Amino acid sequence: MSTSDDEQERELEALLELSRRGRAKLERLHEVLTTPGHYGTGATPAQVVYTENKLRLLRLLDESGQPRAGKPAVLFVPAPVSRYFIVDLLPGRSFAGHVAAAGFDVFVIDFGTPTSEDRYADLAYYVDGLVRRSVRMVTTITGQPAINVVGYCLGGTLSLLYSALYPETVARLVLLTTMVDGDVQGGIAWVAHRMGLEGESYDNPRLVPAAEVKSWFEMLAPGSNSLVGRVSDLWDRLDDPAARLRDVRTMATWVDDVVPAPGRLLAELYRKFGPGRNSLMTGRTTVGTRVVELAAVRMPLLSVSAEKDAIAPPEGADAIVKIVPHAEVLRLPGGHVGIVAGRTAASLWQRTVEFLASPRG
Amino acid sequence: MTIDAKAAKDHSVVERWIEDQREWQKTAMTYLDSMVKNDDFLVHLGNAMRGSLLAGKPYPTASPAAAAAPAQEAPADDRLDRVLFALHEMQGQLNDLRLTLDELRNGGKGKPTATSRAKKATSSKATAKVRRRTTGARKAGKKRG
């Protein structure tokens, strides 16, 4: 065979290989597209034990459909600006499900989707209203005077403020990717600041559209909304196993599923905790007419930050030790969403279970 | 390599090429089949062609620039929304009251008989009736935490 024949054959083989790989990607894409992403709801069977406005308080059930009565209670408080099921995403990919399986009676708050009238909801409505009554409901149902609280992102801020106001009702507090130092640059607070959140009116608030809230998140990942970038990323990812692609699809669906936000709440958060205000770092702030002293947070506290968190920079979350000196700070590899529901989330779940199960010192 | 061996090898490449084309036809038919049988598949495919693996709903069309541009103003006449939100607040106060009553009934412990009733506490009529009573109950509830 001549050299040119060899080259021709190599070219043909390469062409065939290219064709085979392209086809394999399309077949994998077909498989992913014909299976559900996420359920659009929590993965673990649950019963609704309390409702108020759009809020639903869910109690996870065991394999036989029964609540885990008699076990220590844990209340998950997700961020009210996104969908609650990030903590209960899929079977085998559920933070709340993992904690329940470890021997806890788990409750999850679903704040629901705010509508026009909810634009008047402020910090007091959430902290001293929805969260307080949810905790009260859990303590009443379980008969436990103090329960464990796990807050994620803005849900962590609500949990921290609640715990300072009602410390006797919180046995242990876990804060996940919760910013306390608003002066740390980067993150959603700074983006919102640059996007004009400062102009959000407290007295005459609007319901901030979900698309606008989402645009703040997208600004934190330049290129994520570029069509070319997304298609290119997806084509590259199609070499991954179908199971991994389904994970990506599930997470992408959740990230895109932002809900509208009450303008009054955002205005208040910005004025109190945003860049240049930063009242959490002074150790004293207010919720409604009540003064909140963070020194009252004396229960064991675990604060977890994510190394690659673009939404809540880890330095802003780790600063909790400056206002709650006994807080245990843990920084995990991963991003804002990944540490809770990504492939490496198991380390966070396990650490949380250990913290919740450890004897109170 | 002999002429026969070369022909056999070429034949093999041609055969594989033809086989590859058949596989492509199968892949194309699988896509066509899903498009015909599954209405949602086109939505999924459309999302994928935009580089997203969003499931079950169309790709959001609002661009960040468009979303962020003119801020949506609060409605001029907000009285209805103010009333609705006040009712939501009262619903919470009413739930506090019921929880307190339950605790008193059960000596401060036990299962809540108010759980199911609390869920029903959305009637504005019922809420209006207890409006005055809940003012005092709210303070009691806050003390209880």
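Residues numbered from 1 in each chain as written. Chains lettered and ligands numbered in written order. Predicted model: local features only at pLDDT ≥ 70, side-chain atom pairs only at ≥ 80, totals over all residues.

1. Thoughts on the overall build of chain B
Scanning chain B from N- to C-terminus turns up 7 helices and 0 strands. Reading chain B from its N end, one meets helices and strands in the order α-α-α-α-α-α-α. Residue burial in chain B is summarised as follows: out of 145 residues, 19% are buried. For chain B, contacts bridging at least 24 residues in sequence account for 55% of all contacts bridging at least 6. (Helix = DSSP H or I, 4+ residues; strand = E, 2+ residues; numbered from the N terminus. Buried ≥ 20, exposed ≤ 12 C-beta atoms within 10 Å, placed from the backbone. Contact = placed C-beta atoms within 7 Å.)

2. Focus on the nonpolar core
Residues and elements named next belong to chain A. If you look at the biggest cluster of nonpolar residues, it comprises 112 residues, and the most contacted ones within it are Val74, Leu75, Phe76, Val87, Val106 and Val340. Looking at this core element by element, the count peaks at 10 residues for helix H3 (residues 123-142). When sequence neighbours within four positions are dropped, the list of residues in contact with Val74 reads Val99, Phe104, Val106, Ile147, Asn148, Val150 and Leu356. (Core = buried A, V, L, I, M, F, W, Y, C linked by C-beta atoms within 7 Å.)

3. Observations regarding the packing of H3 of chain A against helix H4 (residues 79-105) of chain B
The relative placement of two packed helices comes down to the angle between their axes together with the axis-to-axis distance. With their axes 11 Å apart at the nearest point, H3 of chain A and H4 of chain B run at an angle of 30° to one another. Comparing the axis directions of H3 of chain A and H4 of chain B gives the class roughly parallel. For the crossing formed where H3 of chain A meets H4 of chain B, the hand is left-handed. Contacts from Tyr125, Gly129, Arg133, Arg136 and Thr140 of chain A of H3 of chain A reach H4 of chain B at Glu89, Gly92, Asn95, Asp96, Leu99, Asp102 and Glu103 of chain B. (Axes fitted to C-alpha atoms, helices over the stretch in contact; angles between N-to-C directions. Parallel < 35°, antiparallel > 145°, perpendicular 65-115°, else oblique. Left-handed = near helix turned anticlockwise from the far one by under 90°.)

4. Things to note about the sheet that holds strand E3 (residues 73-77) of chain A
Residue and element names in this part refer to chain A. Strand order across the open sheet formed by 8 strands is E1-E2-E4-E3-E5-E6-E11-E12, with mixed pairing between neighbours. A strand with exactly one partner marks an edge of an open sheet, and here the two such strands are strand E1 (46-52) and strand E12 (328-332). The average angle at which neighbouring strand axes cross in this sheet is 20°, direction not considered. Where strand E6 (residues 170-176) lies against strand E11 (residues 301-306), 4 bridges are found, and the strand directions are parallel. Counted as the bridge partner of Leu175 is Ser303 from E11. Helix-sheet contacts for helix H4 (residues 154-165) involve E3, strand E5 (147-152) and E6, and the interaxial angle to E5 is about 145°. (Pairing = 2+ DSSP bridges.)

5. Section: the confidence of the model for chain B
Residue and element names in this part refer to chain B. For chain B, per-residue confidence averages 68 on the pLDDT scale, and 48% of positions sit at 70 or higher. Averaged over each element, pLDDT in chain B is lowest for helix H6 (residues 124-129) (37) and highest for H4 (94). Overall, residues 62-70 carries pLDDT values under 50, and its contacts beyond four positions in sequence, including any with other chains, amount to 13 contacts. With a pTM of 0.79, the predicted complex shows an ipTM of 0.83. (pLDDT = per-residue confidence, 0-100.)

6. Here we look at H3 of chain A
Residue and element names in this part refer to chain A. Look at H3: 27 Å from first C-alpha to last across 20 residues, which is about the 28 Å you get at 1.5 Å a residue. The axis of H3 is deflected most strongly, by about 30°, at Arg132. With 19 of 20 residues buried, H3 is to be regarded as a mostly interior element. A positive phi of about 75° marks Gly143, the residue just after H3. (Expected span 1.5 Å × (residues − 1). Bend = angle between axes of the 7 residues up to and from the residue.)

7. Some details on the environment of Ser279 of chain A
Residue and element names in this part refer to chain A. Looking at the element boundaries, Ser279 is found in the loop between helix H9 (263-273) and strand E9 (284-287). According to the C-beta neighbour criterion, Ser279 is partly exposed, with 16 such atoms within 10 Å. Considered as a pair, Ser279 and Asp181 are 98 residues apart in the sequence and their alpha carbons are 8.6 Å apart. Sequence-distant contacts of Ser279, defined by excluding residues within four places in its chain, comprise Lys272, Phe273 and Thr285.

8. With respect to the pairing of E11 of chain A
Side-chain positions along a regular strand alternate between the two faces of the sheet. Here E11 of chain A lies mainly inside the structure; 6 of its 6 residues are buried. Side chains of E11 of chain A alternate between two faces, with Leu301, Ser303 and Ser305 of chain A and Leu302, Val304 and Ala306 of chain A buried alike.

9. As for the packing of H3 of chain A against H4 of chain A
Residue and element names in this part refer to chain A. Where H3 meets H4, the closest approach of the two axes is 10 Å, and the angle between their N-to-C directions is 80°. As the angle between them shows, H3 and H4 are arranged roughly perpendicular. Contacts between H3 and H4 involve Tyr126, Val127, Asp128, Val131, Arg132 and Val135 from the first element and Leu158, Leu161, Tyr162 and Leu165 from the second. Residues belonging to the contact of H3 with H4 are distributed by class as follows: 8 nonpolar, no polar and 2 charged. (Nonpolar A, V, L, I, M, F, W, Y, C, P; charged D, E, K, R; others polar.)

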